[in-house]
Amino acid sequence: MSIQESRDLQRDVIEPKKGVQTKNSIIEAALAIASKSGLEGLTIGNIAEAVKMSKSGVFAHFGSREELQVAVVREYYQRFQDLIFSPALLKPKGLPRLNHMIQSWIKMSIGDDSSSCFFIAGAVEFDDQPGIVRDELVRSVEDWRSAIRRAIKESIAAGHLKKSVNVDTLLFQLYSMALGVHHDSRFLDSPKCLANANKLIKDILSSSKSN
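Residues numbered from 1 in each chain as written. Predicted model: local features only at pLDDT ≥ 70, side-chain atom pairs only at ≥ 80, totals over all residues. Heavy atoms only, no water.

Caption draft 1: A look at the packing of helix α4 (residues 65-88) against helix α7 (residues 132-157). Relative to each other, α4 and α7 sit at 15°, their axes nearing to 8 Å. It follows that α4 is roughly parallel to α7 by the angle criterion. Viewed along their axes, α4 and α7 form a crossing whose handedness is right-handed. Together, E66, E67, Q69, V70, V73, R74, Y77, F80, I84 and F85 of α4 and I132, V133, E136, L137, R139, S140, D143, W144, A147 and R150 of α7 make up the contact between the two elements. When the residues that make up the contact of α4 with α7 are grouped by side-chain class, the tally is 11 nonpolar, two polar and seven charged. (Axes fitted to C-alpha atoms, helices over the stretch in contact; angles between N-to-C directions. Helix = DSSP H or I, 4+ residues; strand = E, 2+ residues; numbered from the N terminus. Parallel < 35°, antiparallel > 145°, perpendicular 65-115°, else oblique. Left-handed = near helix turned anticlockwise from the far one by under 90°. Contact = heavy atoms within 4.5 Å. Nonpolar A, V, L, I, M, F, W, Y, C, P; charged D, E, K, R; others polar.)

In structure tokens form, the structure reads like this:
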């Protein structure tokens, strides 16, 4: 191999790697902005400013604002899985796993050092806006709801919950608790909402437990 061929090979390896790094940097900056200003707060302009690139440079990696928003939703979902769902799988099947999923989700979505939950905030932003961003949010939310539904079924199968428990009703109740805590904590700045929700969740699960 000639010196020039060697240099060309090195360039072909380095340039794609650099492109991936740049794209990841853009997504990281976009995620930080969306965590505070919502997905609708993302613009090519503020992203370009955040990563110190030109708008055309950002467009080179994402052809549209919507494509960038979708990439941010996917990155959020991956981090959500790593922080909430994957650790829950280490818990025993049944109520221990279900409790861990719900409690971790609530704490993450209202914590001072965490972002507003995209699953909840995004639903408000895109509830009446059809398109690829809404579709991606719906897919992520449905995946999460399916995981909770599966944990409820496992709790019934393990004998932790009554066989008569309506899975979809319990899912609705637990999901509604998370929505309420998110609203009261983020919007009303209520210091008691977490304690109130925990009591209600405990009461709901206790009434559903097998004798």
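Caption draft 2: Geometry of the pattern of salt bridges. Inspection of the entire model under this criterion finds nine salt bridges. With a shortest N-O distance of 2.8 Å, E75 and R79 are connected by a salt bridge. Pair noted here: E75 and R79 are both in helix α4, with a separation of four residues, about one helical turn. In this structure, the salt-bridge partner of R139 is E136, at a minimum N-O distance of 2.9 Å. With R139 and E136 both in helix α7 and three residues apart, this pair spans about one turn of that helix. Classification of R139 as partly exposed rests on a relative accessible area of 34%. Several salt bridges share partner residues, and in doing so they unite R74, E136, R139 and D143 into one network. (Salt bridge = Lys/Arg side-chain N within 4 Å of Asp/Glu carboxyl O. Buried < 20%, exposed > 50% of the residue type's maximum accessible area, 1.4 Å probe, protein only.)

Caption draft 3: Representation of helix α8 (residues 167-186). Its 20 residues place the ends of α8 29 Å apart at the C-alpha level, agreeing with the 28 Å of an ideal helix rising 1.5 Å per residue. Inspection of α8 places V167, L170, L171, L174, Y175, M177, A178, V181, H182 and S185 among the buried residues, and these make up the whole buried set. The buried side chains of α8 occupy one side of the element, clustering within an arc of 140° when seen end-on. Where α8 is buried, its residues meet α5 (95-110), α6 (118-126), α7 and α9 (193-208). Capping the start of α8, N166 holds a side-chain oxygen 3.2 Å from the backbone nitrogen of D168, two or three residues further along. (Expected span 1.5 Å × (residues − 1). Arc of directions from axis to C-beta. Polar contact = N/O pair within 3.5 Å; in protein donor to acceptor, adjacent residues only side chain to side chain.)

Caption draft 4: Spotlight on unusual backbone geometry. Phi at K52 takes a positive value of approximately 55°, unusual for a residue other than glycine. Not every positive phi belongs to a glycine, and D189 is a case in point at roughly 55°. Relative to the helices and strands, D189 resides in the loop between α8 and α9. A residue is classified by how much of its surface remains accessible, and D189, at 64% relative accessible area, is exposed.

Caption draft 5: Local environment of the packing of aromatic side chains. Taken as a whole and assessed by the stated rule, the structure comprises four aromatic pairs. On the basis of an interplanar angle of 80° and a centroid distance of 4.8 Å, the ring pair of F80 and W144 is categorised as edge-to-face. On the criterion of sequence distance, the pair formed by F80 in helix α4 and W144 in helix α7 is long-range, its members being 64 residues apart. Residue class for F80 comes out buried when judged on its relative accessible area of 1%. Centroid distance W105 to Y175: 4.9 Å. Interplanar angle 55°. Geometry classified as tilted. Placement of the pair is W105 in helix α5 and Y175 in helix α8, with a sequence separation of 70 residues. Grouping residues by exposure puts W105 and Y175 together as buried. In this structure an aromatic cluster arises from ring pairing among Y76, F80, W105, W144 and Y175. Its guanidinium or amino end placed over the ring of Y77, R139 lies 5.3 Å from that ring's centre, counting from NZ or CZ. Positioned above the aromatic ring of Y175, the side-chain terminus of R145 is 4.8 Å from the ring centre. (Phe/Tyr/Trp six-rings, centres within 6.5 Å; stacked < 30°, edge-to-face > 60°. Lys NZ or Arg CZ within 6 Å of the ring centre and 35° of its normal.)

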